[in-house]
Structure formats: C-alpha cells, structure tokens
Amino acid sequence: MMRFFLTLISAATLALPVVAQERSGPLRIEITEGVIEPVPIAVAPFIAENAAAAQFASQLTQVVADDLSGTGLFRNIPQSAYISQVAGFDAEVAYADWKAINAEALIVGAVTLSSDNRLLVKFRLFDIFTGAPLGEGLQFAGDTASWRRVAHKVADQVYARITGEDGFFDSRVVYVETTGPKDARQRRLAIMDYDGANVQYLSDASSIVLAPRFSPTGDRVLFTSYETGFPQIYEIAVGAASKRALGLDTDTMTFAPRYAPDGRRVVYSEAKGGNTDLYLLDPNSGQRTRLTSAPSIETAPSFSPDGNQIVFESDRSGNQQLYVMSTGGGEPKRISFGQGRYGTPVWSPRGDFIAFTKQNAGRFHIGVMRNDGSGERLLTASFLDEGPTWAPNGRVLMFTRESAGSDGQPALFSVDVSGRNLKRVATGTAASDPAWSPLLP
Amino acid sequence: MTIFKTGFLLVALALGACTNADRFGGGGADGSFTGANGGIGSASDPSSPAFFNASIGDRVLFDVDQSTINPISASTLDGQADWLLRNVEFTALIEGHADEQGTQAYNLALGARRASAVQNYLISKGVAPGRLKTISYGKERPIEICSDEACYSQNRRSVTVLTAGAGL
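Definitions and cut-offs
- Residues numbered from 1 in each chain as written.
- Chains lettered and ligands numbered in written order.
- Predicted model: local features only at pLDDT ≥ 70, side-chain atom pairs only at ≥ 80, totals over all residues.
- Heavy atoms only, no water.
- Contact = heavy atoms within 4.5 Å.
- Buried area = accessible area lost by both parts, 1.4 Å probe.
- Salt bridge = Lys/Arg side-chain N within 4 Å of Asp/Glu carboxyl O.
- Polar contact = N/O pair within 3.5 Å; in protein donor to acceptor, adjacent residues only side chain to side chain.
- Helix = DSSP H or I, 4+ residues; strand = E, 2+ residues; numbered from the N terminus.
- Nonpolar A, V, L, I, M, F, W, Y, C, P; charged D, E, K, R; others polar.
- pLDDT = per-residue confidence, 0-100.
- Disulfide = S-S within 2.5 Å.
- Buried < 20%, exposed > 50% of the residue type's maximum accessible area, 1.4 Å probe, protein only.
- Pairing = 2+ DSSP bridges.
- Axes fitted to C-alpha atoms, helices over the stretch in contact; angles between N-to-C directions.
- Phe/Tyr/Trp six-rings, centres within 6.5 Å; stacked < 30°, edge-to-face > 60°.
- Lys NZ or Arg CZ within 6 Å of the ring centre and 35° of its normal.
- Parallel < 35°, antiparallel > 145°, perpendicular 65-115°, else oblique.
- Left-handed = near helix turned anticlockwise from the far one by under 90°.

Enquirer: Give a detailed account of the interface of chain B and chain A, specifying residues and quantitative values.
Expert: Between chain B and chain A, the contact holds 35 residues from the first and 45 residues from the second. Together, the buried faces of chain B and chain A total about 3300 Å²; carbon and sulfur atoms form 57% of this surface. Looking at the side of chain B facing chain A, the largest losses of area belong to Thr 103, Tyr 106 and Ile 145 of chain B, adding up to 19% of the total buried there. Notably, a salt bridge pairs Lys 139 of chain B with Glu 386 of chain A, separated by 2.6 Å at the nearest N-O pair. Our enumeration of links across chain B and chain A arrives at 14 residue pairs in polar contact (both at pLDDT 80 or more). By residue number, the principal contributor to the side of chain B that touches chain A is helix H4 (residues 104-124) of chain B, which donates nine residues. Considering only residue class, the side of chain B that touches chain A consists of 17 nonpolar, nine polar and nine charged.

Enquirer: Give a detailed account of the confidence of the model for chain B, specifying residues and quantitative values.
Expert: Residue-level pLDDT values for chain B average 81, and 76% of them are 70 or greater. Contacts for the low-pLDDT stretch residues 1-37 of chain B, under 50 throughout, to residues beyond four places or in other chains number 94 contacts.

Enquirer: Give a detailed account of the state of the cysteines, specifying residues and quantitative values.
Expert: Residues and elements named next belong to chain B. One pass over the structure, following the stated rule, counts one disulfide over all chains. Note that Cys 146 is cross-linked by a disulfide to Cys 151, the S-S spacing being 1.9 Å. Across the disulfide from Cys 146 to Cys 151, rotation about the S-S bond amounts to roughly 120 degrees, and the bridge is consequently right-handed. Just as Cys 146 is buried, Cys 151 falls in that class too.

Enquirer: How would you sum up the sheet that holds strand E12 (residues 209-214) of chain A? Please name residues and give values.
Expert: Residue and element names in this part refer to chain A. Across the sheet, four strands lie side by side as E12-E13-E14-E15; this open sheet has antiparallel pairing. Looking at strand neighbours, the two that pair on one side only are E12 and strand E15 (243-245), the edges of this open sheet. Taking each pair of neighbouring strands and ignoring which way they run, the sheet shows an average axis angle of 25 degrees. As defined by bridge partners, strand E14 (residues 232-237) adjoins E15 across three bridges and the pair is classed as antiparallel. Within E15, the residue paired with Glu 235 across the bridge is Arg 244.

Enquirer: Any chance you could break down the sheet that holds strand E16 (residues 253-259) of chain A for me, citing the residues and the numbers?
Expert: Read from one edge of the open sheet, four strands run E16-E17-E18-E19 (chain A), paired in antiparallel fashion. At either end of the open sheet lies a strand with only one pairing partner, and these are E16 and strand E19 (288-290) of chain A. Each strand axis lies, on average, 30 degrees off the axis of its neighbour in the sheet, ignoring direction. The sheet contact formed by E16 of chain A and strand E17 (residues 266-272) of chain A spans five bridges and is antiparallel. Along E17 of chain A, the bridge assignment pairs Met 253 of chain A with Ala 271 of chain A. Contacts from H4 of chain B reach E16, E17 and strand E18 (275-281) of chain A within the one sheet, and its direction differs from that of E16 of chain A by about 155 degrees.

Enquirer: Explain unusual backbone geometry to me, using residue names and the numbers behind them.
Expert: Residues and elements named next belong to chain A. Residue Ala 256 is not a glycine yet carries a positive backbone phi of 55 degrees. Turning to its location among the elements, Ala 256 is positioned in strand E16. The exposure class of Ala 256 is buried, given its relative accessible area of 14%. The residue Ala 361 is not glycine, and still its phi comes out positive at about 50 degrees. Along the chain, Ala 361 turns up in the loop between strand E25 (354-360) and strand E26 (363-369). Its relative accessible area of 74% is what places Ala 361 among the exposed residues.

Enquirer: Requested: an account of the pairing of strand E22 (residues 321-326) of chain A, with residues and values cited.
Expert: Residues and elements named next belong to chain A. Counting buried residues in E22 gives five out of six residues, a clear majority hidden from the surface. Where E22 meets strand E23 (residues 333-334), two bridges bridge the pair, whose relative direction is antiparallel. Bridge pairing links Tyr 323 to Arg 334 in E23. Between the end of E22 and the start of E23, which pair antiparallel, lie six residues, with Gly 329 showing a positive phi angle near 110 degrees.

Enquirer: Requested: an account of the side chain of Thr 178 of chain A, with residues and values cited.
Expert: Residue and element names in this part refer to chain A. Considering the arrangement of structural elements, one finds Thr 178 in strand E9 (residues 172-179). We classify Thr 178 as buried; its relative accessible area is 2%. The residues touching Thr 178, leaving out its near neighbours within four places in the chain, are Arg 185, Gln 186, Arg 187, Gln 409, Pro 410, Thr 429, Ala 430, Ala 431 and Ser 432.

Enquirer: How would you summarise the packing of aromatic side chains if you had to cite specific residues and measurements?
Expert: All names here are of chain A. Summed over the entire model, instances satisfying the criterion amount to 16 aromatic pairs over all chains. With 5.7 Å between their ring centres and 90 degrees between their planes, Phe 168 and Tyr 194 make a pair best called edge-to-face. Residue Phe 168 is found in the loop between helix H3 (147-163) and E9, and its partner Tyr 194 is found in the loop between strand E10 (186-193) and strand E11 (200-201); the two are separated by 26 residues along the sequence. Each member of the pair, Phe 168 together with Tyr 194, is buried. Taken together through their ring pairs, the aromatic side chains of Tyr 159, Phe 168, Phe 169, Tyr 194 and Trp 436 make up a single cluster. One residue, Lys 243, lies across the ring of Tyr 234, its end atom 5.4 Å from the ring centre. The ring of Phe 413 carries the charged tip of Arg 401 above its face, separated from the ring centre by 4.9 Å.

Enquirer: Summarise the packing of helix H1 (residues 54-70) of chain A against H3 of chain A; cite the residues concerned and give the values.
Expert: Residues and elements named next belong to chain A. Across the interface, H1 lies against H3 with an axial gap of 8 Å and an inter-helix angle of 45 degrees. One way to sum up the angle between H1 and H3 is to call them oblique. As H1 packs across H3, the resulting crossing turns out to be right-handed. Along the contact surface, H1 presents Phe 56, Gln 59, Leu 60, Val 63, Val 64, Asp 67 and Leu 68, while H3 presents Trp 147, Arg 148, Val 150, Ala 151, His 152, Val 154, Ala 155, Val 158 and Tyr 159.

This is the structure:
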C-alpha cells in the first residue's frame, strides 16, 4: 500500500482582503441541500518546479479539476478566461483579478519530481471573496505510479475545506465488468478508481460472479462466485491471486455477503430447501450463527456503522420490504411502508440514512430513508436501477442502471444524496454491482 | 458461454447429437455438472434425454414472483417424475430462474424457491431425493432477452437438467 506524507506548509504571505465582501463568512457549500448553480473556481495550472515534473503538473491539474467539477458543486473557470497567471507557488495572489472573473476559490499547486522518482505536490486554497487562504498549504509525497492518488488527495482537501465534509475522491470501486448479450453474459470482478481509472481484475470471466463488497479497510473483497457450480461466497485480498471459499457446505447456495464494520464477521444469505435466511460467520473460526429462521426470503443484509444492527430485505409480509434487527438476534422491525417493493438496503457510513432499491408501478428507483424508515426520498427512476453503494463520506451513491430491451446493458451511475448530479461513471465496458471502498489511507 | 448457448439451442430446437458430454440442456452451469459421457440420444427413443427434453418438457414456467406449481406445470412434472422412475441411471439438477424485474439477491432466493418447489413435487411423485439437486441462477441466465412479458414469462422457469450416472 502506497503511503502518503502530508506536510503543513507555513502560510507564507497572508494577503489582506482587497475586495469588498459579498459573503459574510468564508466560502462554504452545504452539500445536503444540493446546489443549483455550481460555484465557479479556478484550478490554476500546477507549477512544475523542475522540468521533469512538467507532464505530471499538467495531469495533476486536470484530475484535481475533474474531481471537483465532477461533484456538480463546482464549475472550473477555463484558463483562457484568467486575467492573471499564477507566477509561482509563493507569489502574492492577485485577488482582484480572480474576483473579476467571478472565481470564488483559487487552487494553486506546485509539483517537483525528485531524482528517486517521487512526486512532491503542494497546494494552497484561497477564498477570493474574503481574500484569504482557506486552511494551510499542504504537501503530499508519493511515487509517480500513484500520481492520480496524489491528485485525488489534493481534491479531497479542497472539497473538505469548502464543504466541511470528508472527501471521497481517493477511493476505489469494486464492480463486475460485463461483456456479451443478456443471454450469454460474461462477468469479471474488477477494481477501479472511483472515477473509472486504473482498472485491475480480480477474476477471469469463466464463472458468474456477483455483488463484490469491500472490507472496512478496503484490502479485502467478499463476493459470490459460481466457480464450483453452486453460488458460494469467497474472500479475496486485493492484489492477491488466490481467493478462499468461506468454509461452507458444498452444494449449498450462499450469497449476498457483507462485512461487519469490525471486518471480522460476515453476514450473508444461505438457501436451504428453497428457503433463504441470514447467517453470521466468523471467517477465521468458521463459526456460523443463524440470524433468522422464517419460511420467507431474508437476504441483502447490511450492518449499521456501529455494527449493532443489520438492515435486510424480507418478503415475510407478502412482498419485499426492509427490516432492521439487532446483530445479537431478536425480532426484526419493519421500516419500509410506502407503495411498492423495497430491496438491497445499505446503511450509510455516516449512519444517517439507509439507501435502497424500490420497485413501484413498473419502475425502479434508488432512494434513501432515515434509519427508522421516515423521510423516504427517491433519487432516481428508470427501467432498472439497482444496488446502491455509498461513497465513503455518505454523500454520493453509485448504483447499477440497466437499459431495457434485447440490447440492454448495465452501466454504473452516481447521484448525490440530494438527488442532484446524476451521471454515468466512466467505465470502459458495461458494468454492474458497484461497491465503494472506504477512503484510502 | 458457448456451453450455455449450445444447450439452449438444443432445447429450443429439440435436435439430437449433443456436443457437450452429458449436459442435456438447461440454463448454463459453467460446465461444472458433467459426469459420464453419453449423447443426448434420439428424440424417438423414450429413454433418451432428447425425448425427455422434447416430448415431456424439461422446464416449467411460473407466475410473477411466485413459485407455485400450476396445473400445466404439474402435468409436465408428472411426466418428468415418471421418466425419472423408469430411467434410474439418470440424476437431475433442477435450475431455478427469475426474470429481470427484480433485484439480484431476491431473484436468487426466488429461483431457489422455484427449484425447490419442483424438487419437492418430483419427490412427492416417488423420485428418490438423492437423485435431485437444486440451484438458482436468479436473473443471471435469461433465455429470452426482450424486456416485456413475452420474454419474462419464458425466463421465470425451472429447468430439469439430466445427468447420466450418479453424476451429482
């Protein structure tokens, strides 16, 4: 695992406010309310502090700008509109020139490539309207192979300072790459950066693979594979060649696994005699605890962030609805009561919402509700939207959207928890079953 | 996936000469359930898998979100049970499938219910439980690919896939 070193840069020139303030305080975007008009910002071309760093400087600038504008919260002002250029990392900021082009924030960066092939990237963020730096300057160091991660870390810092929320750009997504028509689909486990870059495969396409899930530390993945002929759950270490079956009976169907927040237990579904129930497994000891014993379908379990509760779907009422139960057992409590069917619940890492798939009147929706089922909001609608996964900051959801018809293909989409900024994630092929990693260390 | 497509065409056209050892149809296990060698045989031979697939019917269909064996299915399954009782050298893997109108894990569970309903029916007609296994493919292996009821109704199915010998 790549390590990054983060260094504070002492605030050099503390420029005085040179323009009249139109805001009362520093730049701040409230994400939960969504933004109608993205905030214009200037991501000045990062300065190459030596010739070897020139290409990295340009690429880093682009990724930082793409990360920020990709949220829908920011709009990058094109460099052609700039009145003044950033002469150097420590140069005084010409606030009036940036204000004249309506920039609300300015990002200044500099890149050095050391002789041992390491990148040193430093940046500063300036609030144009208050005419002051927004936080301290920071420096990141990383090897050249992980230059995109360095860019994501810079963008995460900018995002965090302006929104007051943790960022999510330095994260990965495990998903299923799909090729071929509906009736002859091939599936392959893959991992990519959150923005679709750096695709890496965890399996070949010889077996059906379903619903991969990251461990809480992002170094392992649970998934379901038909490798033995029967769907069974496996664990694989990211970057490792071999996986391990989680010690379950041959010829017994197990699926829908998910880690507990402590990473030491796995909740999953097992079908026996046509009846699907929930089980808790300690992968190290092999000890299994049955959590539900009902003739109905109990599946798609997900832990609360504190590990004390599990939300899942069950058709015990006659059709698919969401229930919450204590991890220690006990009677589940139904939380979904709207029209239609509810499935694939997943608890936000912040613990404030449960995201789900809803089917109603022939349409599929991704939605969120509070933990007690109140405040339901539908964020999307289409022929088939399914399987939301939370960004590590709990503010963005990614999901599978499949198009209708004989040529139908799945693709990954993301949407803000506010319902804004719905967009397709740039995967090279058709893709499904996304699961977001935690923020990388 | 070649395996799957081949299997599907054989079933749909009810032709002889299976090219794939003794997988006699079905929805596409990833080549795992192959036992002793043997052809599908001739559809005119009542003891052949070809006859089973074409004349008795290797599949039954289900209503939306249901696993109930309806009278048409019961008639097909009576034929399957009768055939299995007369051809004891065969075992069967019962696949349960769902259409695409549903979420992945739920459809896996629903397919398991459907396969189990067929298994229980065959057992109730005298087929030894040890000759029958079940698996669910959920919505992952449709045979018809349009997005309307004409296709969905064909995809909500169970398929009884024969294997020669004690292949289970």
